[in-house]
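Observations on the three-dimensional arrangement
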Amino acid sequence: MRYNNQIDTDSVLTVVFFLTDSGREPVREWLKSLDKEGRKTIGEDIKLVQFRWPLGMPLVRKMEADLWEVRSHLSGGRIARVLFTVRDGEMALLHNFIKKSRETPAKDLQLARQRKNLWLSE
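Throughout what follows, the structure given in this document is the object of discussion. Keep in mind that this is a model prediction, so the values were computed, not measured.

Details of the sheet that holds strand E4 (residues 79-87)
Sheet architecture is open: five strands sit in the order E1-E5-E4-E3-E2, paired in mixed fashion. Strands with a single pairing partner mark the edges of an open sheet, and in this sheet they are strand E1 (14-17) and strand E2 (60-64). Between one strand and the next, the sheet's axes are offset by a mean angle of 35°, whatever the strand orientation. Those strands touched by helix H2 (residues 36-52) are E1, E2, strand E3 (67-73), E4 and strand E5 (90-99), and its axis lies near 140° from that of E3. Packed on one face of the sheet, helix H3 (residues 106-120) meets E1, E2, E3, E4 and E5 and runs near 170° to E5.

Listed below in structure tokens is the structure:
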């Protein structure tokens, strides 16, 4: 019996960072501010979505039409969320936060929604 040892290295999605009008990339800046372990955990979770899209719970949760969250568990019991949208093979990382309550804060959801609408209208 023969096996194919090749691994499919083609990603389903290309990851891009939302760019504000002032030229900032808020999610990239936030990731850089995290400790090495936190960056690695979130990066691996995003990479899994990138290569295995579409995914569902427990890693990805749909928030509303064209808006999902990557659900990452960090050391110290912290819970991180990265909100994203997908269009034409691109996964745009829109917003992020450390979860402090059971509900997604309305202001975080609204900001991600605004960025999604801007990015999708380009």
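Topic: the packing of aromatic side chains
Remark: the centre distance and the inter-plane angle together describe each pair of aromatic rings, the angle taken between the planes. The tally for this structure, following the rule as stated, stands at three aromatic pairs. Aromatic side chains Trp 53 and Trp 68 sit 5.0 Å apart centroid to centroid with 85° between the ring planes, which places their arrangement in the edge-to-face category. Highlighted residues: Trp 53 in the loop between H2 and E2 and Trp 68 in strand E3, separated in sequence by 15 residues. The class for Trp 53 is buried, based on a relative accessible area of 17%. The buried category is assigned to Trp 68, whose relative accessible area is 13%. Look at Trp 68 and Phe 84: their rings are 5.8 Å apart centre to centre, the planes differ by 25°, and that puts the pair in the stacked class. Separated by 16 residues along the polypeptide, Trp 68 in strand E3 and Phe 84 in strand E4 bring together distant segments of the chain. Members of the aromatic cluster, joined through ring pairs, are Trp 53, Trp 68 and Phe 84. One cation-aromatic arrangement involves Arg 87 over Trp 119; the distance from NZ or CZ to the ring centre is 4.1 Å.

Some thoughts on the nonpolar core
Formed by 20 residues in total, the largest nonpolar core has its most connected members in Ile 42, Val 49, Trp 53, Val 82, Phe 84 and Met 91. Broken down by secondary-structure element, the contributors of at least two residues to this core are helix H1 (26-33), H2, E3, E4 and E5. Considering each element in turn, this core owes the most residues, four residues, to E4. Look past the residues within four positions of Phe 84 in its chain and what remains in contact with it is Val 49, Trp 53, Val 60, Asp 66, Leu 67, Trp 68, Glu 69, Val 70, Met 91, Ala 92, Leu 93 and Leu 94. Counting 11 residues, the second largest nonpolar core, distinct from the first, contains Val 16, Leu 67, Leu 83 and Ala 92.

Some points on H3
An ideal rise of 1.5 Å per residue puts 21 Å on 15 residues; H3 measures up with 21 Å between its terminal C-alpha atoms. Listed in full, the buried residues belonging to H3 are Asp 108, Leu 109, Ala 112, Arg 115, Lys 116 and Trp 119. Buried residues in H3, looked at end-on, bunch into an arc of 130°, giving them a common side. More than 90 degrees from the buried face of H3, the exposed residues found are Ala 106 and Lys 107. Where H3 is buried, its residues touch E1, H1, E2, E3, E4 and E5.

Quick notes on the rules
- Residues numbered from 1 in each chain as written.
- Predicted model: local features only at pLDDT ≥ 70, side-chain atom pairs only at ≥ 80, totals over all residues.
- Heavy atoms only, no water.
- Pairing = 2+ DSSP bridges.
- Helix = DSSP H or I, 4+ residues; strand = E, 2+ residues; numbered from the N terminus.
- Axes fitted to C-alpha atoms, helices over the stretch in contact; angles between N-to-C directions.
- Contact = heavy atoms within 4.5 Å.
- Phe/Tyr/Trp six-rings, centres within 6.5 Å; stacked < 30°, edge-to-face > 60°.
- Buried < 20%, exposed > 50% of the residue type's maximum accessible area, 1.4 Å probe, protein only.
- Lys NZ or Arg CZ within 6 Å of the ring centre and 35° of its normal.
- Core = buried A, V, L, I, M, F, W, Y, C linked by side-chain atoms within 4.5 Å.
- Expected span 1.5 Å × (residues − 1).
- Arc of directions from axis to C-beta.

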